[in-house]
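Next come the chains, spelled out residue by residue.
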2 protein chains.
Amino acid sequence: MAPLLKDELDIVIPTIRNLEFLEMWRPFFEPYHLIIVQDGDPTRTVMVPEGFDYELYNRNDINRILGPKASCISFKDSACRCFGYMVSKKKYVYTIDDDCFVAKDPTGKDIDALAKHIQNLLCPSTPLFFNTLYDPYQEGADFVRGYPFSLREGVPTAVSHGLWLNIPDYDAPTQLVKPRERNGRYVDAVMTIPKGSLFPMCGMNLAFDRELIGPAMYFGLMGDGQPIGRYDDMWAGWCVKVICDHLGLGVKTGLPYIWHSKASNPFVNLKKEYKGIFWQEDIIPFFQAAKLTKECDTVQKCYISLSQQVREKLGKIDPYFTKLADAMVTWIEAWDMLNSKDSKDSKEADANSKLKGK
Amino acid sequence: MAPLLKDELDIVIPTIRNLEFLEMWRPFFEPYHLIIVQDGDPTRTVMVPEGFDYELYNRNDINRILGPKASCISFKDSACRCFGYMVSKKKYVYTIDDDCFVAKDPTGKDIDALAKHIQNLLCPSTPLFFNTLYDPYQEGADFVRGYPFSLREGVPTAVSHGLWLNIPDYDAPTQLVKPRERNGRYVDAVMTIPKGSLFPMCGMNLAFDRELIGPAMYFGLMGDGQPIGRYDDMWAGWCVKVICDHLGLGVKTGLPYIWHSKASNPFVNLKKEYKGIFWQEDIIPFFQAAKLTKECDTVQKCYISLSQQVREKLGKIDPYFTKLADAMVTWIEAWDMLNSKDSKDSKEADANSKLKGK
């Protein structure tokens, strides 16, 4: 049996190092196409293990392809991964960090994280009413008594947010306070995050439907020249959730787990995060109150509307948010440039000229 | 070590049969006080195993204690259990069905469901923002990166909704379609149901804080003389969730599991449920849209306001809802009658005159 969605899914990996971690993923990832976004020094060579089918973009490529619009893609920060979402020509994207390895389920079996994400994306979500037995579409589960029948068809799933065993995804203060905490709890569940509820989306182990939500998966301005880091995926998650709620799309979280091997340095993280720790106290209420009108009937229109609200409401907190609002607009322009019908052909030609494996 | 909340929690059990099921629960329940609400024929004797400390109420007792207000307590339906919530003098209540047995965790150990409910009730809930690693207060877990620090204190937990292994709590149509489905999935998680999201609350394995939410735990008019059954706990759950959201209280679901031994008859259930299956399509949007003003600053005031909205909005669907709205008011009157400062002394005297074990 051919691997599911083999020709409809790209794996996007941001990296600054050689990709030996792919060896462990070989049985699961080898059939798929990889998009590697090389961060930092473009003259450095990133080694990719033999046999993988990939295209690789460094900063020079990003600048060449996007021209002045390249300003919306972060540098020296894994937020650069969203460039990979933009150049993908597939319906689905899975993105994973290069310090994430194959986890084992409680029976000791290797978890095919990608296969589980695909399963999550291909079955509906239930954001309008909570099901106490978790994902009702799963084998051996269903909707419980009292679940309205009119809601049992669910809504299309746009995002599958996977979790991490071993090193949990904590902020710097929590890392500092609990340096030895490890996540050993395997929770055998996938659930839909209810409509109206925001969540902290982590980009470490994340899959989504590009066609449904791609243009909202912008990881913001982080890293080099920016006052903040480590809020790239959070930013994307807040925007994505508000837009999914508006457009009637679902966001799932839970299984699959990956094995997160390496805690980042909490002191470095604190430096990157500390403005975010203050700002998020305003950003969350902002997103909880954000309104999208019924004219916002595409992801792009929703995203532009959000950018205007960011400029207007968050711009008061710090000039950074005005710059971010500009970048949100640039991101949509760049997305549309690369993803219009015409551009798809030229993109293909361009992709063919890239360094390729296999 | 004394059992937690030994003198602050009552176990409420509705029944029509002898309570042999308590034998299996003896190690966990024996230290606690039981309130048994005998449904159906009051002349029948319900046998309670030796050694349990209990009070028992049959229909004659309910009529005697509540007088004309007894009309709000259902007859020939396990909805009668809410009479037990009303006469309890404790801060916490745990209610369980008499076909529920001790479940085992994946290591084969007996699950002390009551202890886990108590743990759930004694630590806060997080309805305002979703935590992807589930209950952040649990050993080995915490708030993940991106969770606003201002929300990490949480809110008081009013309800702990436990789940069921073996026979899942399905409606009649699902029972008919999947007669052999069993729930074997042990999901090792407790989570807060986000603010604004309704859920199907099952009364089989349920704990709550009477002081925080007791007056909203009304199981409605079901059974004898009513056009509907099996929506008692659902009704309570919808009211409770709307009121908890308004008052800033939390509702948790997940662990602990009990072992649900016996599927009820799907044909009988269909007869009880079928009006509810239609009605819930209107009831859910009703509760999703229900508004409580800031004058509603107690559970009682919230509940009376809901009863007015039920009369006004749902009364149009069927005269049953007008009768239910009346009963909601009667329930609050009865609650206040038994739970005012003065009434507590007389209730104690009354309780002392009841049949008692041990």
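Parameters and conventions
Residue positions are given per chain, counting from 1 as you read along its sequence in written order. Chain A is the first chain written and ligand 1 is the first ligand written, with later ones labelled in order. With pLDDT at 70 or above as the cut-off, local features in this predicted model cover only qualifying residues; side-chain atom pairs require 80 or more to be listed or tallied, and sums for whole chains, interfaces and linings still use all residues. The basis for the side-chain values is all heavy atoms of the structure; hydrogens and waters are excluded. Where helices and strands are cited, they refer to DSSP runs of H or I of at least four residues and of E of at least two residues respectively, numbered from the N terminus. The copies are overlaid by a least-squares fit using only the C-alpha atoms of residues whose pLDDT is at least 70 in both copies. In this description, contact between two residues means that some pair of their heavy atoms is separated by no more than 4.5 Å. Two cysteine sulfur atoms form a disulfide, by the criterion used here, when they sit within 2.5 Å. Burial classes follow relative accessibility: with a 1.4 Å probe on protein chains only, a residue under 20% of its type's maximum area counts as buried, one over 50% as exposed, and anything between as partly exposed. Pairing between strands is defined by DSSP: at least two bridges between them are needed. UniProt positions are given in the numbering used here, feature names are shortened, and annotations may be inferred rather than shown by experiment. Under this definition, polar contacts are N or O atom pairs within 3.5 Å; protein pairs additionally need one hydrogen-donor-capable and one acceptor-capable atom, and for neighbouring residues in sequence, both atoms have to be side-chain atoms. Working definition: rings of Phe, Tyr and Trp (its six-membered ring) pair if their centres are within 6.5 Å, and the pair is stacked with planes under 30 degrees apart, edge-to-face with planes over 60 apart, and tilted otherwise. Each salt bridge in this description consists of a side-chain nitrogen of Lys or Arg and a carboxyl oxygen of Asp or Glu lying within 4 Å of one another. We call Asp, Glu, Lys and Arg charged. Ala, Val, Leu, Ile, Met, Phe, Trp, Tyr, Cys and Pro are nonpolar, and the rest, Gly among them, are polar.

Colleague: Talk me through unusual backbone geometry; I want residue IDs and the actual numbers.
Modeller: Working note: non-glycine residues mostly have negative phi, and peptide bonds are mostly trans. A cis geometry characterises the amide bond from A:Leu255 onward to A:Pro256, with omega recorded as 5°. Tracing the chain through its elements places A:Pro256 in strand S9 (residues 250-260). We note that B:Leu5 has phi near 55°; this positive angle belongs to a residue other than glycine. Even without being a glycine, B:Lys76 presents a positive backbone phi close to 55°. Within the secondary structure, B:Lys76 is located in the loop between helix H2 (59-66) and helix H3 (82-87).

Colleague: Which residues make up the relation of the copies chain A and chain B, and what values go with them?
Modeller: Between the two copies, chain A and chain B, the superposition gives an RMSD of 0.0 Å; the rotation angle is 180° and the shift along the axis is 0.0 Å. What we have between these two chains is a two-fold relation. Among all C-alpha atoms of chain A, that of A:Val187 lies closest to the rotation axis, at 2.8 Å. Here 100% of the interface residues in chain A have copies in chain B that are interface residues too; the copies meet face to matching face.

Colleague: Give me the lowdown on the state of the cysteines, citing residues and values where you can.
Modeller: Taken as a whole and judged by the stated rule, the model has zero disulfides over all chains. B:Cys80 carries a free sulfur, and the closest cysteine sulfur to it, the one in B:Cys82, is 7.8 Å from it.

Colleague: Hey, could you go over the pairing of strand S3 (residues 53-57) of chain A for me, with residue numbers and the actual values?
Modeller: Residue and element names in this part refer to chain A. Within S3, four of the five residues are buried, which leaves the element mostly enclosed by the surrounding structure. Pairing analysis gives five bridges linking strand S2 (residues 33-38) to S3, with the strands arranged parallel. Bridging across to S3, Ile36 finds its partner in Leu56.

Colleague: Summarise the UniProt feature "glycosylation site" (unreviewed entry) in chain A; cite the residues concerned and give the values.
Modeller: Here the UniProt feature "glycosylation site" (unreviewed entry) sits at A:Arg145. Following the sequence through the fold, A:Arg145 ends up in the loop between helix H4 (113-122) and strand S6 (157-166). The buried category is assigned to A:Arg145, whose relative accessible area is 5%. Only 2.8 Å separates the side chain of A:Arg145 from the backbone oxygen of B:Arg230, close enough to count as a polar contact.

Colleague: With reference to specific residues and values, describe the packing of aromatic side chains.
Modeller: All names here are of chain B. If you walk through the whole model with that rule in mind, you get 42 aromatic pairs over all chains. Ring geometry for Trp25 versus Phe28: centroids 6.4 Å apart, planes at 65°, classification edge-to-face. Pair noted here: Trp25 and Phe28 are both in helix H1 (residues 22-29), with a separation of three residues, about one helical turn. Of the two residues, Trp25 and Phe28, neither departs from the other in class, the shared state being buried.

Colleague: Just give me the short version of the interface of chain A and chain B, but keep the residues and values in it.
Modeller: Between chain A and chain B, the contact holds 60 residues from the first and 60 residues from the second. Applying the counting criterion to the chain A and chain B interface returns 10 salt bridges. The salt bridge partner of B:Lys178 is A:Asp142, with a shortest N-O separation of 2.7 Å. The interface formed by chain A and chain B contains 26 residue pairs in polar contact (both at pLDDT 80 or more). With six residues, helix H8 (residues 266-289) of chain A is the single largest residue contributor to the side of chain A that touches chain B. In the side of chain A that touches chain B, the residues fall into 32 nonpolar, 13 polar and 15 charged.

Colleague: Please set out the UniProt feature "site: Required for activity" (unreviewed entry) in chain A residue by residue, giving values where relevant.
Modeller: As annotated by UniProt and renumbered to match this structure, "site: Required for activity" (unreviewed entry) occupies A:Arg145 and A:Arg152. If sequence neighbours within four positions are ignored, A:Arg145 has contacts with B:Asp169, B:Tyr170, B:Asp171, B:Pro200, B:Cys202, B:Arg230, B:Asp233, B:Met234 and B:Glu273. For A:Arg152, the position within the fold is in the loop between H4 and S6. Look at A:Arg152 and you get buried, because its relative accessible area is 12%. The contacts of A:Arg152, once residues within four sequence positions are left out, are A:Tyr137, A:Phe143, A:Val144, A:Tyr147, B:Asp171 and B:Thr174. Of the polar contacts made by the side chain of A:Arg152, one reaches the backbone oxygen of A:Tyr147; its length is 2.6 Å.

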